[in-house]
Amino acid sequence: MTDETAAASPPQNVSFLGLGTMGGAMARHLGHAGHNLTIYNRSPARAEAWQAANPGIKVRVATSPAEAADGADAVITCVGNDDDLADVVLSPNGAFSTLRRGALYIDHTTVSARIARQIAVEGRDKELLCVDAPVTGGQSGAEGGTLAIMCGGSAKAVDAARLILSAYAKRVVHVGKSGAGQTAKMANQMCIAGAIAGLSEAIRFAQIAHLDLDKVFEAISGGAAQSWQMDNRFHTMAKDEFDFGFAVDWMRKDLGLAMDEARNLGASVPVTALVDQFYVDVQAMGYGREDTSALIRRLPHRKGKA
């Protein structure tokens, strides 16, 4: 197989644990792909809401991770943080307590590389195929089925995962052994944070200089300054619109993971640390639930004549 997604998977018994903005969309794609789907969410109301919003998908609703994993060919998790993941996977009533020997386990949560490696070790006794598979592409990518996924684990495990991931990913890349997917996601978040910080300053600079922002975008977006953030957030940031999914609070969690791992590795990440502190300012202003492009809010906004 290549690093592109595989052909559509034949139907499997797939259990999806965690139906937030990202997980709910991915589960929906699995249902539309024809898999025999079981869902679980720690808040039962969210599972009920998902079922009501997707009446065309036949689904079994489990009352615990253990029940969800019982009889599954594959279990997929997309929860909040390390503690949440440990609870739904490794607790006495977690997914690993009932998941059959040799089954596939995929985690889409952005967590520490440490817990990804721990889960892989816990899965060895049951010969589970464990893949840490954080995603990038945001809410729009999840909704559109165009996510990019970075995978850590054995080649056998990642190849098995491709068949399922093809339902909602346009790119699946095997980056290394267990934990490598999470480490690659940290690098991804570091890149995004730096790009947003630079874009924020550039927009405010152009506004204060009374430049025509449409002309500025036209001039610089086709050259070396171009980025996904510029193409998708330049105009919305200039208009103070920040309702695009991935929140400042979650970015701070991710940058914290990256800085912790950097300390473990002895890597220097001064720009990441600086931008993280900028996000602290945004949280203190009360904008922690707005999307990451709200970083521009911390910069003085002086309106002048055109």
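Only a predicted model underlies this, so the values are computations on that prediction, with no experimental measurement involved. (Residues numbered from 1 in each chain as written. Predicted model: local features only at pLDDT ≥ 70, side-chain atom pairs only at ≥ 80, totals over all residues. Heavy atoms only, no water.)

Peer 1: What is the right way to read the overall build of the protein from this model?
Peer 2: Check the secondary structure of the protein and you find 12 helices and 9 strands. Taken over the C-alpha trace, the protein has a radius of gyration of 20 Å; the compact-globule value for 306 residues is 19 Å, and the two agree within 12%. If you line up the protein on its principal axes, its C-alpha atoms span 65 × 45 × 40 Å. Residues counted as buried form 50% of the 306 residues belonging to the protein. (Helix = DSSP H or I, 4+ residues; strand = E, 2+ residues; numbered from the N terminus. Rg over C-alpha atoms; globule rule 2.2 N^0.38 Å. Buried < 20%, exposed > 50% of the residue type's maximum accessible area, 1.4 Å probe, protein only.)

Peer 1: I tried to follow the packing of helix 8 (residues 180-208) against helix 10 (residues 228-238) on my own but got confused; where do I start?
Peer 2: When two helices pack together, you describe them by how their axes are tilted relative to each other and by the distance separating the axes. For the pair helix 8 and helix 10, interaxial distance at closest approach is 10 Å and the crossing angle is 45°. Taken together, the axes of helix 8 and helix 10 lie oblique to each other. With respect to the hand of their crossing, helix 8 and helix 10 are arranged in right-handed fashion. In this structure, helix 8 uses Ile192, Ala195, Ile196, Leu199, Ser200, Ile203 and Gln207 to contact helix 10, whose residues at the interface are Gln229, Met230, Phe234, Met237 and Ala238. The class makeup of the residues in the contact of helix 8 with helix 10 is 9 nonpolar, 3 polar and no charged. (Axes fitted to C-alpha atoms, helices over the stretch in contact; angles between N-to-C directions. Parallel < 35°, antiparallel > 145°, perpendicular 65-115°, else oblique. Left-handed = near helix turned anticlockwise from the far one by under 90°. Contact = heavy atoms within 4.5 Å. Nonpolar A, V, L, I, M, F, W, Y, C, P; charged D, E, K, R; others polar.)

Peer 1: Quick question: what am I supposed to make of the nonpolar core here?
Peer 2: Generally speaking, nonpolar side chains in soluble globular proteins are found buried as a group. By size, the foremost hydrophobic cluster in this structure holds 35 residues, and its most contacted members are Phe16, Leu30, Leu37, Ile149 and Tyr168. By residue number, the principal contributor to this core is helix 7 (residues 155-165), which donates 5 residues. Apart from the residues within four sequence positions on either side, isoleucine 149 is in contact with His108, Ala133, Pro134, Val135, Leu165, Tyr168, Ala169, Arg171, Val172 and Val173. With 26 residues, the next largest nonpolar core counts Ile203, Val275, Phe278 and Ala294 among its residues. (Core = buried A, V, L, I, M, F, W, Y, C linked by side-chain atoms within 4.5 Å.)

Peer 1: Mind showing me how you'd approach the side chain of threonine 292 here?
Peer 2: Along the chain, threonine 292 falls in the segment after helix 12 (270-284). Residue class for threonine 292 comes out buried when judged on its relative accessible area of 8%. When near neighbours in sequence (up to four residues on either side) are disregarded, threonine 292 contacts Ile196, Phe246, Ala247, Val248, Met251 and Tyr279.

Peer 1: Before we go on, may I ask you to explain the pattern of salt bridges in this structure?
Peer 2: Pairing is possible between side chains of opposite charge, provided their charged atoms come close. Taken as a whole and judged by the stated rule, the model has 15 salt bridges. We note a salt bridge from arginine 28 to glutamate 143, for which the minimum N-O separation is 2.5 Å. Of this pair, arginine 28 sits in helix 1 (residues 21-32) while glutamate 143 sits in helix 6 (residues 138-144), and the two are 115 residues apart along the sequence. Between glutamate 67 and arginine 60 there is a salt bridge; the shortest N-O distance is 3.7 Å. Classification of glutamate 67 as partly exposed rests on a relative accessible area of 30%. (Salt bridge = Lys/Arg side-chain N within 4 Å of Asp/Glu carboxyl O.)

Peer 1: Hey, could you run me through unusual backbone geometry in this one?
Peer 2: Most peptide bonds adopt trans geometry, and most residues besides glycine take a negative phi value. Positive phi, normally seen in glycine, also occurs at histidine 210, with a value near 60°. Within the secondary structure, histidine 210 is located in the loop between helix 8 and helix 9 (213-220). Positive phi is not limited to glycine here, since aspartate 240 has a value of about 60°. The class for aspartate 240 is partly exposed, based on a relative accessible area of 32%.

Peer 1: Help me understand the pairing of strand 1 (residues 13-17), please; the structure alone is not making it clear to me.
Peer 2: When a strand is regular, its side chains alternate between the sheet's two faces. Across the 5 residues that make up strand 1, a large majority, 4, are buried. By the bridge criterion, 5 bridges tie strand 1 to strand 2 (residues 36-40) in an arrangement that is parallel. Among the inter-strand pairings, asparagine 13 is bridged to a residue of strand 2, identified as asparagine 36. Traced from strand 1 through helix 1 to strand 2, the parallel crossover comes out right-handed. Note: strand 1 against strand 4 (residues 74-77), 4 bridges, orientation parallel. Each residue of the ladder has a partner; that of valine 14, found in strand 4, is alanine 74. (Pairing = 2+ DSSP bridges. Right-handed = clockwise from strand over helix to strand, strands pointing away.)

Peer 1: It is not clear to me how helix 11 (residues 248-265) should be interpreted in this structure. Could you clarify?
Peer 2: An α-helix turns once per 3.6 residues; consequently, residues spaced three or four apart project the same way. Given a rise of 1.5 Å per residue, 18 residues ought to cover 26 Å, and the 25 Å separating the end C-alpha atoms of helix 11 matches this to within 8%. Among the residues making up helix 11, those that are buried are Val248, Met251, Asp254, Leu255, Leu257, Ala258, Met259, Glu261 and Ala262. Looking at the buried positions of helix 11, the neighbouring elements they touch are helix 4 (82-90), helix 5 (113-124), helix 8 and helix 12. Just beyond helix 11, the residue with positive phi is glycine 266, at close to 75°. (Expected span 1.5 Å × (residues − 1).)

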